[in-house]
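Letter by letter, the chains look like this.
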Amino acid sequence: MIKNKLKYMALAAALVLTASCSDVVDYSLPDRYSNNGAPEISGIYDISDSGYVNPLNKGVLNEMIRIKGANLANAKHVTFNGLEVKPSQIYAESGVSYLRIPRAIPEKVTDTLVYETNEGVAKYYFPVDIPELKLDGLANEFAYPGSRVQLEGDYFDLFGFNDTTATSTASIVIRNAEAGYEKTIHCDSCSEAYTSITIPKDCPDNSLITFSWQMMGQTKTKTIAYRMTKDLLFDFSGDVGWWNDWGKGLVQDGSDKTGPQSLGYKFLRITGTYDAWSWNSTGFGCNWSNDDAAAHPENYVLKFEIWSNTKHPFYDEGDNGPLGANKNGGYLITFNGASSRHQFDPYGQYNIRNTNGEWRTVSIPLKDVLNGFTPSGWVALELVLQPNTSDAWDVDHAFGQFRVEPANY
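Conventions we followed
Residues numbered from 1 in each chain as written. Predicted model: local features only at pLDDT ≥ 70, side-chain atom pairs only at ≥ 80, totals over all residues. Heavy atoms only, no water. 1 Å grid on protein atoms, 1.4 Å probe; cavity = no way out; pocket = protein on both sides within 12 Å on 5 of 7 lines; lining within 4 Å. Points joined across faces, edges and corners; volume = space filled by probe spheres on them. Nonpolar A, V, L, I, M, F, W, Y, C, P; charged D, E, K, R; others polar. Phe/Tyr/Trp six-rings, centres within 6.5 Å; stacked < 30°, edge-to-face > 60°. Helix = DSSP H or I, 4+ residues; strand = E, 2+ residues; numbered from the N terminus. Buried < 20%, exposed > 50% of the residue type's maximum accessible area, 1.4 Å probe, protein only. Lys NZ or Arg CZ within 6 Å of the ring centre and 35° of its normal. Pairing = 2+ DSSP bridges. Contact = heavy atoms within 4.5 Å. Core = buried A, V, L, I, M, F, W, Y, C linked by side-chain atoms within 4.5 Å. Polar contact = N/O pair within 3.5 Å; in protein donor to acceptor, adjacent residues only side chain to side chain. Salt bridge = Lys/Arg side-chain N within 4 Å of Asp/Glu carboxyl O.

Asks: Provide a residue-level description of empty space enclosed by the protein, including the pertinent values.
Replies: Going through the model one piece at a time under the given rule, you end up with two cavities of 30 Å³ or more. The calculated volume of the largest cavity comes to roughly 50 Å³. Surrounding the largest cavity, G160, F161, D163, S168, A170, S171, I172, I185, H186 and C187 form its lining. Along the lines of polarity and charge, the residues of the lining of the largest cavity split into five nonpolar, four polar and one charged.

Asks: Account for the packing of aromatic side chains, naming residues and giving values.
Replies: Throughout the structure, instances matching the rule amount to 24 aromatic pairs. Here Y331 and F399 contribute two aromatic rings whose centre-to-centre distance is 5.1 Å and whose plane-to-plane angle is 70 degrees, an arrangement assigned as edge-to-face. Of the two residues, Y331 is situated in strand 23 (residues 330-335) and F399 in strand 27 (residues 393-406); the sequence distance between them amounts to 68 residues. A relative accessible area of 0% means that F399 is categorised as buried. Three or more aromatic residues joined by ring pairs make a cluster, and in this case those are F234, F236, W242, F284, F304, Y315, Y331, F344, Y350, W393, F399 and F402. Over the ring of Y52 we find K68; its NZ or CZ atom is 4.7 Å from the centre of that ring. Across the ring face of Y347, the terminal group of R353 is positioned such that the distance to the ring centre comes to 4.8 Å.

Asks: Go over the sheet that holds strand 24 (residues 343-344) with me, naming the residues and quoting the values.
Replies: Strands sit in the order 21-26-23-24 across an open sheet of four strands; the sheet is antiparallel. Each having just a single partner strand, strand 21 (280-288) and strand 24 make up the two edges of the open sheet.

Asks: Please provide a residue-by-residue account of the environment of P102, values included.
Replies: By secondary structure assignment, the location of P102 is in the loop between strand 7 (96-100) and strand 8 (112-117). On the accessibility criterion, P102 (14% relative accessible area) is buried. Remark: the alpha-carbon pair of P102 and K58, spanning 44 residues in sequence, is separated by 14 Å. Once residues lying within four places of it in the same chain are set aside, the contact partners of P102 are L61, N62, F80, L83, E84 and V85.

Asks: Can you break down the pairing of strand 7 residue by residue, with the values?
Replies: Here strand 3 (residues 64-70) runs beside strand 7; their pairing, made up of five bridges, is antiparallel. Along strand 7, the bridge assignment pairs K68 with V96. With three bridges connecting them, strand 6 (residues 90-92) and strand 7 associate as antiparallel partners. Within strand 7, the position partnered with I90 by the bridge is L99.

Asks: Talk me through the layout of surface pockets; I want residue IDs and the actual numbers.
Replies: Of the pockets and cavities examined, the largest pocket occupies roughly 570 Å³. Listing elements by their share of the lining of the largest pocket, those giving two or more residues are strand 11 (134-138), strand 12 (148-154), strand 18 (218-226), strand 22 (300-308) and strand 25 (360-365). Broken down by element, the lining of the largest pocket gets its largest block of residues, five residues, from strand 11. Tallied by class, residues from the lining of the largest pocket come to eleven nonpolar, seven polar and eight charged. What the second largest pocket holds in volume is close to 400 Å³. Lining the second largest pocket we find 20 residues, and of these N140, R148, E358, W359 and R360 sit closest to its centre. With three residues, strand 12 is the single largest residue contributor to the lining of the second largest pocket. Here the residues of the lining of the second largest pocket are counted per class, giving nine nonpolar, eight polar and three charged.

Asks: Can you break down the nonpolar core residue by residue, with the values?
Replies: Ranked by internal contacts, the top residues of the largest apolar core, which has 44 residues, are F80, F161 and I209. Tallying contributions element by element places strand 17 (residues 207-215) first for this core, with four residues. Residues in contact with I209, not counting those within four places in the same chain, are L138, I172, V173, I174, I197, I199, K222, T223, I224 and Y226. Membership of the second largest hydrophobic core comes to 38 residues, among which are I270, I352, V369 and L383.

Asks: Requested: an account of unusual backbone geometry, with residues and values cited.
Replies: Excluding glycine, residues mostly have negative phi values, and the peptide bonds linking residues are mostly trans. One non-glycine residue, N351, lies in the positive phi region at around 55 degrees. Relative to the elements of secondary structure, N351 occurs in the loop between helix 4 (346-350) and strand 25. Judged by its relative accessible area of 64%, N351 is exposed.

Asks: Give me the lowdown on the side chain of Q401, citing residues and values where you can.
Replies: Note on placement: Q401 falls in strand 27. Engagement of the side chain of Q401 in a polar contact is seen with the side chain of E305, the distance being 3.1 Å. What Q401 contacts, discounting residues up to four positions off in sequence, is F142, L232, L263, Y265, K266, K303, F304 and E305.

Asks: Give me the pattern of salt bridges: which residues, what numbers.
Replies: Summed over all chains, the structure comprises 20 salt bridges. Residue D157 is joined to R103 by a salt bridge in which the shortest nitrogen-to-oxygen separation is 2.6 Å. Of this pair, D157 sits in the loop between strand 12 and strand 13 (171-176) while R103 sits in the loop between strand 7 and strand 8, placing them 54 residues apart in sequence. The exposure classification of D157 matches that of R103, with both residues buried. Close ionic contact of K303 with E405 constitutes a salt bridge, the shortest N to O distance being 3.2 Å. Of this pair, K303 sits in strand 22 while E405 sits in strand 27; the two residues are 102 residues apart in sequence, bridging distant segments of the chain.

Functional significance is not addressed by these values, which are geometric in nature.
As structure tokens, this is what we get:
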């Protein structure tokens, strides 16, 4: 009897245990990769904002973001301004989704993020900054015809300049009205990081290059300059009224193979070691012939090419002066007669640390160089090197093709 009672007790215990296991299955946590309804978006965050502290009120192209919400798993279609995110760039769970905003220009701006799953669609107001094409000019405006030259700017690939077919929405035309010259060319390289064109071998000096492209149904254009020899202030071919022998000794013609090649004209090359805060100055003259630039310097720039030996990058001149005042030391370039000298800082102002043995074009707003001075007749341009750090400067830098050009063509 006792044996039978023990047998019934064991069976009852087994039934209780089975029922308990069934309860665990019934109340298990939901699958994080499944949805229980239409998607919901509560906020959008930068990918690094793991704590969901600072929600974004807008995005930029190619930005990686984190979407917080519910029922976001199994994303079927996700679009920004009608541009679809590649499925390979989406990782989604029910409560969070990670993706990258498409790097493309939309046909229409809706400022709307559309998030679709098999359970429904969520629409969320989220503007995305749409960039304009940025075109500053050629990296070296005095490159010889036939040269491949990098374009200074950004977003060329987004506006069709990587399309070389006849039906492309973008075009590049080089013209010289006086020479009766016109030729259509294409970018020979165009990517997110680098874009270049090849100047035709028969392209004359003083030509203008016009870029045209489409921006959401509108045609945009920008014209840049190529080898504006007519605007040169001097070419160092003779006596230009040198202030001292130091300046005369800087002139080279490109025959020294350790330095830069000539771009058709002589140039100034500064080499050697110069003590900290030593004052090294020279000046040279020219006949000022641009009356409009003198009257309206805000519409013009002083352009020239710079060069640095790979082993001798430009120094970080820093800001040694009070806010709003002229900076102290470094390279100083100004027209004699200005109320103060203008500091030319390739690294700090133009992010040019090293040209690596190549010429690079730079431009300074003319009003900053004149600084209230109105040039006319014979004027002098002053160049100063004053190392403004605690150590001496060991330099090998060059400057050439000084000219005054319109800021915009």
